[in-house]
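Residue-level structural notes
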Amino acid sequence: MKNLQENKQNNKTFVTQPLLPSLEEYISHLKDIWESKWLTNMGEKHNLLENRLKGVLKIKNVSLFNNGAIALLTALKALDLPAGSEVITTPFTFAATPHCISWNGLLPVFCDIEPGTMCIDPDKIENLITAKTSAILAVHVYGFPCDVEKIEKIAQKHHLKVIFDAAHAFTTEFKGKSIATFGDISMFSFHATKLFNTAEGGCLTYNNDDLVKKIYNLRNFGIQSEEIVEEIGINGKMNELQASLGLLNLELFEEEKNKRAEIKAFYDQNLAGIKGIRVPQMPETATNSYQYYPIVIEDDYPLSRNELYEKFKSINIMTRKYFYPICSDYECYKGLPSSSKENLPVTNEIKNKVLCLPFYGNLDFETLKIICKTLMPVRNQ
Ligand SMILES: Cc1ncc(COP(=O)(O)O)c(C=O)c1O
C-alpha cells in the first residue's frame, strides 16, 4: 500500500521543486559541523552566508533568520511601532504577512492591489491613512516589484515606516537597484519552495547601521551579553545545517534562474495566442526573480479558474491558486472594515482568476508541452 501511494506521489507534477546541491557536497559540510561541534548560535557557516548574501543582494546589512515569518515579525518589532497602531498592507499575499502584523499587537489594514503586478495599489494607500497609521507593509508578489518609489514618497509625506515583504523577490532589481535596498527593512524567505532555499530560513536587509545591534539582539532572545538581557527578543537564529545548504545553493541559484528563464520563454510563446489567458509580465524597469509563473484566467476563457485547476489535477498536475483565499477573507480578518469587498474590488476579482503553473528548473519539456496543450481551449468547449 505504501509503495502504491509513493508511486502515485511520484507521478505528480508539483508547482515547484526545491533546489538541492549534491548530497556528497552537503555531507562534506556536515563533517565540518561534526568536527567543530558548533550547531547554531551564529556559527562559522552562518556568518559566511550572511556576508556572501550582502554581495548577492547588494546591501549593507543582512541578518539571517530561521525562517521568513520570524524575520518579518522581528522587522516590525525592531521599528518600534506604537502598540495598537495600524499597518497598511495587501490581502493578496501569504498568511504570514498580516499574521506578523497581528502578532506584534498591531492592526492590519488591507489595501487593494493593482491588476498588472498584483502588488499593493499605491494610489489607494493614502485614503486608508489615519492618525493611527504607523507603517506600510507591502509585498513584491511573485517577485514583481511594488511601486517602491511611490510607496516611499507616501511614507515620507506621512512619516510612516516602510517594510517590504520580499519573500518572492530574491535578486529582483528595480531600475538597476537591488530590491533589498528599498524601504526601512526588507524580508526574504528561504523556504524550500523559494528560488534560493535553506530548507527553512530567511533574512532581513537594511541600510540603517543603527538597526544591526537591535536586530542581532532581538533574534537571540534580546540577550546582549552573558548577564544582560536588553530586549524582549525571540529565537530567530539560523543554524549551521541550514546555513550549509544556503552556501551550496548560493552556487546553484543563477543556473536555476537561467533554466527557469527558458521555461518562462516556452510558456510565454505557447500561451501568447490563447484567448482569455493573461500572462502578467515584469515591468520593463525590473528584472525577474523567476519565483512563480502566474496566469490570469479571464472571463472569455472557456473554463473558470477552478475548472482549469481541476482539469490539471485530474492529470496529476498540481497547479496552485496563489493567492486564494485572500487574507481579508480569513475568519480572523473578515470582520475588519478594510476587509469589505467594496474596499478591495480588484483583489476580489483576481482571487478567482489567478493560477500558478509548475515552474522549476528540472521541469521537463514533455510535461511543459502537456501543460500548454491542456491550456489550449478545445473547440466547442
Ligand atoms: C509573501 C510571503 N511572506 C512571508 C512568507 C513566510 O516565509 P517563511 O515560510 O520562510 O516563514 C512567505 C512564505 O513562504 C511568503 O510567501
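Relevant structure appears above.
Because the structure is a prediction, the values reported are computed rather than measured.

What follows is about the sheet that holds strand 2 (residues 86-89). Neighbouring strands of a sheet are bound in pairs by backbone hydrogen bonds; such pairs are parallel or else antiparallel. Sheet architecture is open: seven strands sit in the order 1-9-8-5-4-2-3, paired in mixed fashion. Lying at the two open borders of the sheet, with one neighbouring strand each, are strand 1 (61-65) and strand 3 (107-110). Taking each pair of neighbouring strands and ignoring which way they run, the sheet shows an average axis angle of 25 degrees. Bridging between strand 2 and strand 4 (residues 133-139) involves four bridges; their strand directions are parallel. Counted as the bridge partner of Ile-88 is Ile-136 from strand 4. Contacts from helix 6 (residues 148-158) reach strand 4 and strand 5 (161-165), with the element oriented near 155 degrees to strand 5. Along the sheet, helix 7 (residues 210-219) makes contact with strand 1, strand 8 (185-189) and strand 9 (202-206), crossing strand 1 at roughly 5 degrees.

What follows concerns unusual backbone geometry. A negative phi angle is the norm for most residues apart from glycine, just as the trans form is the norm for most peptide bonds. Of note, the amide linkage connecting Tyr-322 to Phe-323 takes the cis form, showing an omega dihedral of 0 degrees. When you line up the elements, Phe-323 lands in the loop between helix 10 (305-314) and helix 11 (345-350). Between Tyr-324 and Pro-325 the backbone carries a cis peptide bond, its omega angle lying at 0 degrees. Relative to the elements of secondary structure, Pro-325 occurs in the loop between helix 10 and helix 11. Phi is positive for Asp-80, which is not a glycine, with a value near 50 degrees. Within the secondary structure layout, Asp-80 lies in the loop between helix 4 (68-78) and strand 2. Of note in this structure, Tyr-142 is not a glycine but carries a positive phi near 60 degrees. Looking at where Tyr-142 falls in the secondary structure, it is placed in the loop between strand 4 and helix 6. For Tyr-142, a relative accessible area of 1% gives the class buried.

Ranked by size, the top nonpolar core spans 61 residues in total, and within it Leu-53, Phe-92, Tyr-142 and Phe-170 carry the most contacts. Contributing elements (two or more residues each) for this core: helix 3 (44-56), strand 1, strand 4, helix 6, strand 5, helix 8 (240-250), helix 11 and strand 14 (354-357). Take this core: its biggest share by element is four residues, from helix 6. Shared between two domains, this core takes at least three residues from each, and those domains are domain 1 (23-250) and domain 2 (258-375). For Leu-53, the residues in contact, after removing those within four places along its chain, are Lys-58, Val-62, Leu-64, Phe-170, Phe-190, Phe-196 and Leu-250. Counting residues in hydrophobic clusters, the runner-up holds 26 residues, among them Tyr-293, Leu-303, Leu-368 and Cys-372.

A separate point is the sheet that holds strand 12 (residues 277-278). Spatially, three strands are ordered 12-13-14 in an open sheet, and the strand pairing comes out antiparallel. This sheet does not close on itself; its edge strands, each paired only once, are strand 12 and strand 14. The sheet contact formed by strand 12 and strand 13 (residues 293-297) spans two bridges and is antiparallel. Looking at the pairing, Ile-277 lines up with Ile-297 of strand 13. The sheet strands contacting helix 9 (residues 253-271) are strand 13 and strand 14, and the helix crosses strand 13 at an angle near 15 degrees.

Looking now at the site of the ligand. The ligand sits among 16 residues. The nearest are Gly-68, Asp-165, His-168, Ser-189 and Lys-194. Here an oxygen atom of the ligand and a backbone polar atom of Ala-69 are 2.9 Å apart. One of the side-chain N or O atoms of His-168 is found 2.9 Å from an oxygen atom in the ligand. Looking at the shell around the ligand, the elements with two or more residues in it are helix 4, helix 5 (96-103) and strand 8. Taken together, the residues that form the shell around the ligand break down as six nonpolar, eight polar and two charged.

The topology assignment puts Lys-373 in helix 12 (residues 365-375). Overall, the relative accessible area of 66% leaves Lys-373 in the exposed class. Sequence separation between Lys-373 and Asn-270 is 103 residues; the distance between their C-alpha atoms is 8.7 Å.

Rules behind the numbers
- Within each chain, residue numbers correspond to sequence positions counted from 1 in written order.
- The predicted origin of the model limits local features to residues at a pLDDT of at least 70 and limits the giving and counting of side-chain atom pairs to 80 or more, whereas totals for whole chains, interfaces and linings rest on all residues.
- Side-chain numbers come from the whole structure's heavy atoms, not from hydrogens or water.
- For two strands to pair, DSSP has to find at least two bridges joining them.
- Helix and strand definitions here come from DSSP, where helices need a minimum of 4 consecutive H or I residues and strands a minimum of 2 consecutive E residues; each element is numbered from the N-terminal end.
- For helices, the axis comes from a line fit to the C-alpha atoms of the stretch in contact; other axes are also lines fit to C-alpha atoms, and the angle between any two N-to-C directions lies between 0 and 180 degrees.
- Between two residues, a contact is recorded if the distance between any of their heavy atoms is within 4.5 Å.
- Only protein chains enter the accessibility calculation, which uses a 1.4 Å probe. A residue is then buried if its area is under 20% of the maximum for its type, exposed if over 50%, and partly exposed in between.
- Here, nonpolar core refers to any group of buried Ala, Val, Leu, Ile, Met, Phe, Trp, Tyr and Cys residues whose side-chain atoms link them within 4.5 Å.
- The source of the domain bounds is an automatic or database domain assignment.
- One heavy atom within 4 Å of a molecule or strand is enough for the residue carrying it to be called near that molecule or strand.
- In protein, a polar contact means a hydrogen-donor-capable atom and an acceptor-capable atom, both N or O and within 3.5 Å, with residues adjacent in sequence counting only if both atoms are side-chain atoms; elsewhere, any N or O pair within 3.5 Å suffices.
- For this scheme, ten residues count as nonpolar: Ala, Val, Leu, Ile, Met, Phe, Trp, Tyr, Cys and Pro. Four count as charged, namely Asp, Glu, Lys and Arg, and the remainder, Gly too, count as polar.

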